[in-house]
Amino acid sequence: AQSVTQPDIHITVSEGASLELRCNYSYGATPYLFWYVQSPGQGLQLLLKYFSGDTLVQGIKGFEAEFKRSQSSFNLRKPSVHWSDAAEYFCAVGGFNDYKLSFGAGTTVTVRA
Amino acid sequence: KAGVTQTPRYLIKTRGQQVTLSCSPISGHRSVSWYQQTPGQGLQFLFEYFSETQRNKGNFPGRFSGRQFSNSRSEMNVSTLELGDSALYLCASGQGARETQYFGPGTRLLVL
(Lines give C-alpha, C1' and ligand atoms only; values in the text may rest on other atoms or scores of the structure.)
Protein backbone atom coordinates (compact mmCIF):
# COMPACT_ATOMS: atom_id res chain seq x y z
CA ALA A 1 0.00 0.00 0.00
CA GLN A 2 1.18 3.48 -0.72
CA SER A 3 1.42 6.12 1.97
CA VAL A 4 2.98 9.46 2.71
CA THR A 5 4.20 10.78 6.03
CA GLN A 6 4.75 14.43 6.76
CA PRO A 7 6.26 14.42 10.25
CA ASP A 8 5.78 18.11 10.95
CA ILE A 9 2.21 19.26 11.49
CA HIS A 10 3.11 22.91 11.95
CA ILE A 11 6.24 24.93 11.25
CA THR A 12 6.84 28.56 12.11
CA VAL A 13 9.57 30.39 10.25
CA SER A 14 10.73 33.99 10.13
CA GLU A 15 10.40 35.91 6.90
CA GLY A 16 13.65 35.67 4.99
CA ALA A 17 14.71 32.47 6.72
CA SER A 18 15.05 29.12 4.98
CA LEU A 19 12.33 26.49 5.03
CA GLU A 20 12.47 22.73 4.78
CA LEU A 21 9.41 20.49 4.84
CA ARG A 22 9.87 16.78 5.25
CA CYS A 23 8.13 14.05 3.32
CA ASN A 24 8.62 10.29 3.52
CA TYR A 25 6.76 7.91 1.28
CA SER A 26 6.05 4.24 0.97
CA TYR A 27 5.41 2.89 -2.50
CA GLY A 28 5.97 -0.52 -4.02
CA ALA A 29 7.19 0.65 -7.40
CA THR A 30 8.80 3.70 -8.92
CA PRO A 31 7.01 6.64 -7.33
CA TYR A 32 5.83 9.85 -8.86
CA LEU A 33 6.08 12.54 -6.21
CA PHE A 34 4.39 15.89 -5.90
CA TRP A 35 4.23 18.87 -3.63
CA TYR A 36 1.07 20.94 -3.56
CA VAL A 37 0.23 24.09 -1.64
CA GLN A 38 -3.18 25.12 -0.36
CA SER A 39 -4.15 28.56 0.85
CA PRO A 40 -7.17 28.86 3.16
CA GLY A 41 -10.40 28.11 1.37
CA GLN A 42 -8.64 27.30 -1.88
CA GLY A 43 -7.85 24.26 -3.96
CA LEU A 44 -4.42 22.72 -4.37
CA GLN A 45 -1.75 24.36 -6.46
CA LEU A 46 1.11 22.26 -7.82
CA LEU A 47 4.53 23.45 -6.67
CA LEU A 48 6.66 20.79 -8.30
CA LYS A 49 6.79 17.15 -9.33
CA TYR A 50 9.28 14.33 -9.73
CA PHE A 51 8.78 11.60 -12.29
CA SER A 52 12.33 10.57 -13.18
CA GLY A 53 15.75 11.95 -14.01
CA ASP A 54 17.50 14.63 -12.01
CA THR A 55 16.69 14.08 -8.35
CA LEU A 56 16.73 17.80 -7.58
CA VAL A 57 13.65 19.42 -9.06
CA GLN A 58 12.82 23.07 -9.29
CA GLY A 59 9.30 24.37 -8.89
CA ILE A 60 7.38 27.57 -8.83
CA LYS A 61 7.73 30.34 -6.28
CA GLY A 62 11.40 29.50 -5.66
CA PHE A 63 10.75 26.05 -4.20
CA GLU A 64 12.87 22.99 -4.86
CA ALA A 65 12.73 19.38 -3.71
CA GLU A 66 15.19 16.52 -3.64
CA PHE A 67 14.26 12.90 -4.23
CA LYS A 68 16.30 10.45 -2.19
CA ARG A 69 15.37 6.89 -3.03
CA SER A 70 17.57 5.38 -0.31
CA GLN A 71 15.73 7.39 2.33
CA SER A 72 12.30 7.26 0.67
CA SER A 73 12.16 11.00 1.05
CA PHE A 74 11.15 13.99 -1.03
CA ASN A 75 11.82 17.07 1.09
CA LEU A 76 10.76 20.52 -0.01
CA ARG A 77 13.01 23.54 0.48
CA LYS A 78 13.01 27.26 -0.03
CA PRO A 79 16.06 29.40 0.69
CA SER A 80 14.21 32.56 1.74
CA VAL A 81 10.59 32.54 2.82
CA HIS A 82 8.14 35.32 2.01
CA TRP A 83 5.04 36.15 4.06
CA SER A 84 2.93 34.94 1.14
CA ASP A 85 4.33 31.42 1.62
CA ALA A 86 2.14 30.97 4.69
CA ALA A 87 -0.14 28.08 3.70
CA GLU A 88 -0.60 24.35 4.05
CA TYR A 89 1.73 22.10 2.10
CA PHE A 90 0.94 18.59 0.97
CA CYS A 91 3.24 15.89 -0.30
CA ALA A 92 1.68 13.23 -2.53
CA VAL A 93 2.73 10.00 -4.20
CA GLY A 94 1.36 8.21 -7.25
CA GLY A 95 2.76 5.93 -9.88
CA PHE A 96 2.68 4.50 -13.35
CA ASN A 97 -0.80 3.18 -14.11
CA ASP A 98 -1.81 4.34 -10.66
CA TYR A 99 -4.87 6.45 -11.04
CA LYS A 100 -4.84 8.07 -7.66
CA LEU A 101 -2.66 10.20 -5.45
CA SER A 102 -2.05 9.44 -1.79
CA PHE A 103 -1.49 12.55 0.27
CA GLY A 104 0.30 13.23 3.49
CA ALA A 105 -1.53 14.93 6.33
CA GLY A 106 -0.03 18.28 5.42
CA THR A 107 2.28 20.78 7.09
CA THR A 108 0.99 24.22 8.00
CA VAL A 109 3.57 26.94 7.58
CA THR A 110 3.31 30.17 9.53
CA VAL A 111 5.58 33.05 8.57
CA ARG A 112 6.37 35.62 11.23
CA ALA A 113 7.60 39.10 10.45
CA LYS B 1 -6.18 27.92 -20.80
CA ALA B 2 -8.97 27.90 -18.22
CA GLY B 3 -8.40 25.85 -15.10
CA VAL B 4 -10.56 23.21 -13.50
CA THR B 5 -13.93 24.59 -12.52
CA GLN B 6 -16.27 23.20 -9.91
CA THR B 7 -19.86 24.06 -9.22
CA PRO B 8 -21.36 24.94 -6.90
CA ARG B 9 -18.65 26.38 -4.68
CA TYR B 10 -20.71 26.13 -1.51
CA LEU B 11 -23.61 23.94 -0.58
CA ILE B 12 -25.71 23.38 2.51
CA LYS B 13 -27.81 20.24 2.78
CA THR B 14 -29.59 18.36 5.54
CA ARG B 15 -29.11 14.76 6.57
CA GLY B 16 -30.79 12.26 4.30
CA GLN B 17 -30.74 14.48 1.25
CA GLN B 18 -28.65 13.81 -1.81
CA VAL B 19 -26.26 16.13 -3.61
CA THR B 20 -24.62 16.35 -7.03
CA LEU B 21 -21.36 18.17 -7.59
CA SER B 22 -19.99 19.09 -10.98
CA CYS B 23 -16.47 19.37 -12.33
CA SER B 24 -15.28 20.70 -15.69
CA PRO B 25 -11.69 19.67 -16.45
CA ILE B 26 -9.04 21.64 -18.26
CA SER B 27 -9.64 21.53 -21.98
CA GLY B 28 -8.01 18.43 -23.47
CA HIS B 29 -7.79 16.55 -20.19
CA ARG B 30 -9.53 13.20 -20.20
CA SER B 31 -8.86 12.10 -16.64
CA VAL B 32 -10.91 13.45 -13.76
CA SER B 33 -10.36 12.49 -10.13
CA TRP B 34 -12.31 13.35 -7.01
CA TYR B 35 -10.98 13.78 -3.50
CA GLN B 36 -12.60 14.47 -0.16
CA GLN B 37 -10.80 16.74 2.29
CA THR B 38 -11.73 16.86 5.97
CA PRO B 39 -9.81 18.08 9.02
CA GLY B 40 -9.86 14.63 10.56
CA GLN B 41 -9.10 12.38 7.58
CA GLY B 42 -7.17 14.75 5.35
CA LEU B 43 -7.26 14.26 1.59
CA GLN B 44 -8.78 10.99 0.52
CA PHE B 45 -9.21 9.64 -2.98
CA LEU B 46 -12.78 8.96 -4.06
CA PHE B 47 -12.58 7.82 -7.69
CA GLU B 48 -11.01 8.50 -11.07
CA TYR B 49 -12.55 8.51 -14.52
CA PHE B 50 -10.93 8.38 -17.93
CA SER B 51 -12.93 8.49 -21.14
CA GLU B 52 -16.15 7.83 -19.24
CA THR B 53 -14.75 4.74 -17.48
CA GLN B 54 -14.08 4.50 -13.77
CA ARG B 55 -10.55 3.18 -13.43
CA ASN B 56 -10.06 3.33 -9.69
CA LYS B 57 -12.20 3.78 -6.64
CA GLY B 58 -11.29 4.69 -3.09
CA ASN B 59 -12.57 3.19 0.10
CA PHE B 60 -15.88 4.99 0.37
CA PRO B 61 -19.40 3.58 0.78
CA GLY B 62 -21.68 3.05 -2.17
CA ARG B 63 -23.50 6.28 -1.33
CA PHE B 64 -20.69 7.99 -3.18
CA SER B 65 -20.87 7.63 -6.92
CA GLY B 66 -19.68 9.44 -9.98
CA ARG B 67 -19.78 9.55 -13.71
CA GLN B 68 -18.02 11.18 -16.59
CA PHE B 69 -19.56 12.46 -19.77
CA SER B 70 -18.25 12.32 -23.32
CA ASN B 71 -16.96 15.90 -23.03
CA SER B 72 -14.90 14.80 -19.96
CA ARG B 73 -17.04 16.77 -17.52
CA SER B 74 -17.70 14.80 -14.39
CA GLU B 75 -20.27 14.69 -11.64
CA MET B 76 -20.21 13.05 -8.28
CA ASN B 77 -23.27 12.20 -6.28
CA VAL B 78 -23.69 11.54 -2.62
CA SER B 79 -26.97 10.01 -1.54
CA THR B 80 -28.47 9.85 1.94
CA LEU B 81 -26.15 12.50 3.30
CA GLU B 82 -24.63 12.10 6.74
CA LEU B 83 -23.10 14.74 8.98
CA GLY B 84 -19.70 13.21 8.35
CA ASP B 85 -19.98 13.97 4.65
CA SER B 86 -19.34 17.63 5.41
CA ALA B 87 -16.10 18.33 3.61
CA LEU B 88 -14.31 20.11 0.82
CA TYR B 89 -14.68 18.05 -2.34
CA LEU B 90 -11.87 18.59 -4.79
CA CYS B 91 -11.80 17.66 -8.42
CA ALA B 92 -8.58 17.26 -10.37
CA SER B 93 -7.95 16.77 -14.05
CA GLY B 94 -5.03 15.41 -16.00
CA GLN B 95 -4.14 13.97 -19.33
CA GLY B 96 -3.52 10.47 -18.07
CA ALA B 97 -2.21 8.26 -15.31
CA ARG B 98 1.35 9.54 -15.39
CA GLU B 99 0.49 13.15 -15.82
CA THR B 100 0.15 15.89 -13.27
CA GLN B 101 -3.25 16.39 -11.73
CA TYR B 102 -4.50 19.96 -11.60
CA PHE B 103 -7.00 20.78 -8.92
CA GLY B 104 -10.07 22.94 -8.93
CA PRO B 105 -11.09 25.29 -6.10
CA GLY B 106 -13.38 22.70 -4.56
CA THR B 107 -16.98 22.53 -3.43
CA ARG B 108 -17.52 23.01 0.27
CA LEU B 109 -20.42 20.88 1.45
CA LEU B 110 -22.01 21.39 4.83
CA VAL B 111 -24.50 18.79 6.04
CA LEU B 112 -26.80 19.87 8.85
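For the structure itself, consult the block above.
Treat the numbers as computed from the prediction; the structure is a model and nothing was measured.

Asker: I'm lost on the interface of chain A and chain B in this one. Help?
Answerer: By convention, interface size is frequently given as the accessible area that disappears when the constituent parts associate. Taken together, the 20 residues of chain A in the interface contact 19 residues of chain B. Across the chain A-chain B interface, the total number found is 0 salt bridges. Scanning the region where chain A abuts chain B turns up 4 residue pairs in polar contact (both at pLDDT 80 or more). Those elements that provide at least two residues to the side of chain A that touches chain B are strand 5 (31–38), strand 6 (44–50) and strand 10 (87–95) of chain A. Per element, the largest residue contribution to the side of chain A that touches chain B is 4 residues, and it comes from strand 5 of chain A. Of the residues in the side of chain A that touches chain B, the class split is 11 nonpolar, 6 polar and 3 charged.

Asker: Honestly, the pattern of salt bridges in this entry has me stumped. Any pointers?
Answerer: Pairs can form between side chains of opposite charge once their charged atoms are near each other. According to the stated counting rule, one finds 9 salt bridges over all chains in the structure shown. Three or more residues are tied together by salt bridges with common partners; here these are A:E64, A:E66 and A:R77.

Asker: Sorry, what's going on with the sheet that holds strand 7 (residues 64–68) of chain B here?
Answerer: In sheet architecture, strand pairing relies on hydrogen bonds along the backbone and comes in two forms, parallel and antiparallel. Residue and element names in this part refer to chain B. With antiparallel pairing, 4 strands are arranged side by side in an open sheet as 1-3-8-7. The sheet is open, and its two borders are formed by strand 1 (5–7) and strand 7, each paired with just one other strand. Mean inter-strand twist for the sheet, computed between neighbouring axes without regard to direction, equals 20°. In terms of strand pairing, strand 7 meets strand 8 (residues 74–78) through 5 bridges, oriented antiparallel. Paired with R67 across the two strands is E75, which belongs to strand 8.

How each quantity is defined
- Residues numbered from 1 in each chain as written.
- Chains lettered and ligands numbered in written order.
- Predicted model: local features only at pLDDT ≥ 70, side-chain atom pairs only at ≥ 80, totals over all residues.
- Heavy atoms only, no water.
- Contact = heavy atoms within 4.5 Å.
- Salt bridge = Lys/Arg side-chain N within 4 Å of Asp/Glu carboxyl O.
- Polar contact = N/O pair within 3.5 Å; in protein donor to acceptor, adjacent residues only side chain to side chain.
- Helix = DSSP H or I, 4+ residues; strand = E, 2+ residues; numbered from the N terminus.
- Nonpolar A, V, L, I, M, F, W, Y, C, P; charged D, E, K, R; others polar.
- Pairing = 2+ DSSP bridges.
- Axes fitted to C-alpha atoms, helices over the stretch in contact; angles between N-to-C directions.

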